[in-house]
Amino acid sequence: MTIDDIKPIPKYILKLIEKKDNKVYSEPNGTTRFYSYLSRFKKEIIKITVAVKHYKGKRYYKQVAIHGLNAKNCFARDMLVYYIGGYHVGWFSEGIQKYEKWYEDGKWYLNPDKRFDPYAPIVNRSYILKFPEFKYSAATEYKYVDIFKYLRLYKQYPQAELLVKFGLSAFATSKQILRATVQDKSFRKWLINNRAEIASSNYYVHTLLLAYKTGKPLRETQEFELFKKHLTTDSSYTQLRIIFKNDMERFFHYIKKNNTELRSYKDYYDACVYLKLNMEEDKNLLPHDFRHWHDERIEQYRTLWYAELEKQRKERLIEEEKERAKKVSQFKAISEKYSPLTGCTQNGLIIVIASSPADLVKEGQALNHCVGGITYTNRMADGESLIFFIRNATTPEIPFVTLEYSVQKKAVLQCYAYGNKKPNDTVMNFVNNIWLPYANKQLAKIKRTKIKAA
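The following paragraphs examine the structure supplied in this document. Sequence order as written defines the numbering, with residues in each chain counted from 1. Reporting of local features is limited, given that this is a predicted model, to residues whose pLDDT is at least 70; pairs of side-chain atoms are given and counted only at 80 or more, and all residues count toward the totals for whole chains, interfaces and linings. Note that water and hydrogens are dropped before the side-chain values are worked out from all heavy atoms of the structure.

So, on to the overall build of the protein. The numbering of helices and of strands both runs from the N terminus, where a helix is a DSSP run of H or I of at least 4 residues and a strand a run of E of at least 2. In terms of helices and strands, the protein carries 16 helices and 11 strands. Here the globule rule is a power law, 2.2 Å times the number of residues to the power 0.38, and the radius of gyration is based on C-alpha atoms. The C-alpha radius of gyration computed for the protein amounts to 42 Å, which surpasses the reference 22 Å derived for 454 residues by more than 25%, pointing to a less compact arrangement than a globule. When its C-alpha atoms are laid out on the principal axes, the protein stretches across 115 × 70 × 45 Å. Residue burial in the protein is summarised as follows: out of 454 residues, 40% are buried. Here a residue-residue contact requires only that any non-hydrogen atoms of the pair lie within 4.5 Å. Restricting the contact set of the protein to residue pairs at least 6 apart, pairs at least 24 apart contribute 55%. Distance between charge centroids for the protein: 6 Å, based on 77 positive and 50 negative side chains. The classification of residues rests on relative accessible area computed with a 1.4 Å probe and restricted to protein chains. Under 20% of the type maximum is buried, over 50% is exposed, and intermediate values are partly exposed. Counting rule applied: Lys, Arg positive; Asp, Glu negative; His and chain ends not counted. Charged side chains are reduced to one point each, which is NZ for Lys, CZ for Arg, CG for Asp and CD for Glu.

What follows is the structure, given as structure tokens:
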């Protein structure tokens, strides 16, 4: 087939697509959806995929992919596929878009058969009956849209028709099931005898093969398969998967017999491990009365866990108290070391150094600022900066202005009155012109004394 062989969408096909689309999208819808129809090129069946989109109350149709039953490649145009975002179609040539998408130029390109094959219900499935080789294929009864996959397998395994006619379309494209029906007449008979139950449930292919092989009920076999899948795919059950690696079926029947769930058993198992029980013993691993022992072990676990938590809390409080005492001691030592910096007065103002973290808290509460926070306590205790209180000489016990001084920079870092407001000019003159030069001289003396002592 070449590009020149591609024909426009027949009018009767447009009507069939519109009819089918109306059932789902009776009202205008801006999404792009796909439908397909079957046609013939020479002696081969081809499937043409049509994109449909509403725009201003009108439907627009566009051929975007063409697949041949026996072809390894397909034709596609103006369509892009994202493995996460799905299929995107450009509609510039139809006048729906203002600008042309980078992937649309109206030309047909050859692509791998499976690449551009979106979900697209077939509107003329009965067209298949025009081909003698598929007259008895039961293709019109096949329930799914992947009709080419079915027909390709039907040519290889005519038994696919049997599965469809017995209501087992879901397995008509499974090579495992088809091979088994060819090789084993007993399996075909077993499928037919169990077709009602199989058709009414979403059984795995492996479930069917395993149930037939073992003679076990389908539902129980499926439950076991789901159980194994849950156990092997959920990382939270890694330990259980290792423990029951060679005894999975026994574990499954134990869970089922005790009418419990994996999550409950895991809680029980984790509690036993926490209690340091020997989980190699069956009496602990698979206790006879699971509900009783689950509740018993969980309660023991909680009691021990809370006891250990309380112990850790008390130990933490002791450590915190030691740390506080250490900070208070360091704070006091720093205060005494730098107390010479306070010997300065003028205009009725005096300056004192904070002697404890409690002094900072009291100062911060009285002046409505943050000096009482742990940050300033740590800075003072570590000797990083010093906190001084400026007071009126007549009322030295009443907080007035707070000052932070950097030992390293020999500078005032902050100086605030109530509510982080800037102090008046008298205070600022005292701080910058009287106290700061004095404090820097005293700091130099302290450093010289330290050097001599060393």
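What counts as a salt bridge is simple: a side-chain nitrogen of Lys or Arg found within 4 Å of a carboxyl oxygen of Asp or Glu. Using the criterion set out here, one finds 22 salt bridges in the structure. In this structure, Lys327 and Asp382 form a salt bridge, with 3.3 Å as the shortest nitrogen-oxygen distance. Taken together, the residues span a long stretch of sequence, with Lys327 in helix H13 (residues 290–337) and Asp382 in the loop between helix H15 (374–381) and strand E9 (385–392) at a distance of 55 residues. Assessed through its relative accessible area of 16%, Lys327 is described here as buried.

What follows concerns the packing of helix H7 (residues 205–214) against helix H8 (residues 218–233). Axes here refer to lines fitted to C-alpha atoms; in helices the fit is confined to the stretch in contact. Angles between the N-to-C directions go from 0 to 180 degrees. With their axes 9 Å apart at the nearest point, H7 and H8 run at an angle of 125° to one another. When the axis of H7 is compared with that of H8, the two are oblique. The way H7 lies across H8 gives a crossing that is right-handed. Across the interface between the two elements, His206, Thr207, Leu208, Leu210 and Ala211 of H7 pack against Leu218, Thr221, Gln222 and Glu225 of H8. Taken together, the residues of the contact of H7 with H8 break down into four nonpolar, four polar and one charged. Any angle that falls under 35 degrees is termed roughly parallel, while one over 145 is termed roughly antiparallel, one within 65 to 115 roughly perpendicular, and all others oblique. Each helix crossing is assigned a hand: it is left-handed if the near helix lies turned anticlockwise from the far helix by less than a right angle, otherwise right-handed if that turn is clockwise. When residues are grouped by polarity, Ala, Val, Leu, Ile, Met, Phe, Trp, Tyr, Cys and Pro land in nonpolar, Asp, Glu, Lys and Arg in charged, and all others, Gly among them, in polar.

Here we take up the sheet that holds strand E11 (residues 411–416). Note on pairing: two strands pair once DSSP finds at least 2 bridges between them. With antiparallel pairing, four strands are arranged side by side in an open sheet as E8-E9-E10-E11. Edge positions in the sheet fall to strand E8 (349–353) and E11, since each of these pairs with one other strand and no more. For this sheet, the mean inter-axis angle between neighbouring strands, taken without regard to orientation, is 25°. Here E9 runs beside strand E10 (residues 401–406); their pairing, made up of six bridges, is antiparallel. In the sheet register, Ile387 faces E10, and the bridge partner there is Glu404. The sheet strands contacting H15 are E8, E9, E10 and E11, and the helix crosses E9 at an angle near 110°.

Right, let's get into helix H10 (residues 248–257). Of all the residues in H10, the buried ones are Met248, Phe251, Phe252, Tyr254 and Ile255. Projected down its long axis, H10 carries its buried residues within an arc of 160°, all on one side. Structurally, H10 contributes buried residues whose contacts are with H8, helix H9 (238–243), helix H11 (262–274) and H13. In the segment just after H10, Asn259 is the residue with positive phi, at about 50°. The arc under discussion is defined with respect to the helix axis, by the directions toward the C-beta atoms.

This brings us to the environment of Asn440. Position of Asn440 among the secondary structure elements: in helix H16 (residues 425–453). Sequence separation between Asn440 and Leu341 is 99 residues, and the spatial gap between their C-alpha atoms is 7.9 Å. Every residue in contact with Asn440, bar those within four places of it in the chain, is listed here: Tyr405 and Lys410.

In the Ramachandran plot, Lys56 falls in the positive-phi region, its phi being about 55° despite a non-glycine side chain. Counting through the fold element by element, Lys56 comes out in the loop between strand E2 (44–55) and strand E3 (58–68). Residue classification places Lys56 among the exposed positions, given a relative accessible area of 73%. For Asn368, which is not glycine, the phi dihedral falls at a positive 55°. Taking relative accessible area as the criterion, Asn368 reaches 49% and is therefore assigned partly exposed.

Bringing the nonpolar core into the picture now. The biggest cluster of nonpolar side chains holds 35 residues, and the ones touching the most others in it are Ile147, Tyr150, Leu151, Leu191 and Leu208. Of all the secondary structure elements, the ones that give two or more residues to this core are helix H2 (147–156), helix H3 (160–165), helix H4 (175–183), helix H5 (185–193) and H7. It is H2 that provides the largest number of residues to this core, a total of six residues. Residues contacting Tyr150, with those up to four places away along its chain left out, are Ser137, Ala138, Ala139, Tyr142, Ala160, Glu161, Val164, Ala172 and Thr173. Definition of nonpolar core: a set of buried residues of the types Ala, Val, Leu, Ile, Met, Phe, Trp, Tyr and Cys, connected through side-chain atoms within 4.5 Å.

In this section: the sheet that holds strand E7 (residues 109–112). Spatially, five strands are ordered E1-E2-E3-E4-E7 in an open sheet, and the strand pairing comes out antiparallel. On the outer flanks of this sheet lie strand E1 (33–41) and E7, each paired with one strand and no other. For this sheet, the mean angle separating the axes of adjacent strands, direction not counted, is 30°. Two elements, strand E4 (residues 73–76) and E7, share four bridges in a ladder whose sense is antiparallel. Residue pairing in the sheet places Ala76 in a bridge with Tyr109 of E7.

Note on ring pairs: Phe, Tyr and Trp rings are taken, using the six-membered ring of Trp, and paired if centres are within 6.5 Å. Classes follow the plane angle, with under 30 degrees stacked, over 60 edge-to-face and the rest tilted. Per the counting criterion, the structure on display carries 27 aromatic pairs. An angle of 70° between the planes, with centres 6.1 Å apart, marks the rings of Phe34 and Tyr87 as edge-to-face. Residue Phe34 is found in strand E1, and its partner Tyr87 is found in strand E6 (residues 86–89); the two are separated by 53 residues along the sequence. Here Phe34 falls in the buried class, since its relative accessible area comes to 10%. Ring geometry for Tyr55 versus Tyr60: centroids 6.4 Å apart, planes at 65°, classification edge-to-face. In this structure Tyr55 comes out as partly exposed when scored by relative accessible area, which is 28%. Put simply, the rings of Phe224, Phe227, Phe244, Phe251, Phe252, Tyr254, Tyr265, Tyr268 and Phe290 touch in pairs and so form one group of aromatic residues. Here the basic side chain of Lys47 rests over the ring of Phe148, its NZ or CZ set 5.8 Å away from the ring centre. Whether a charge sits over a ring depends on NZ of Lys or CZ of Arg being within 6 Å of the ring centre and within 35 degrees of the ring normal. In this arrangement the basic side chain of Lys62 is found over the ring face of Trp91, its NZ or CZ atom lying 5.9 Å from the centre.

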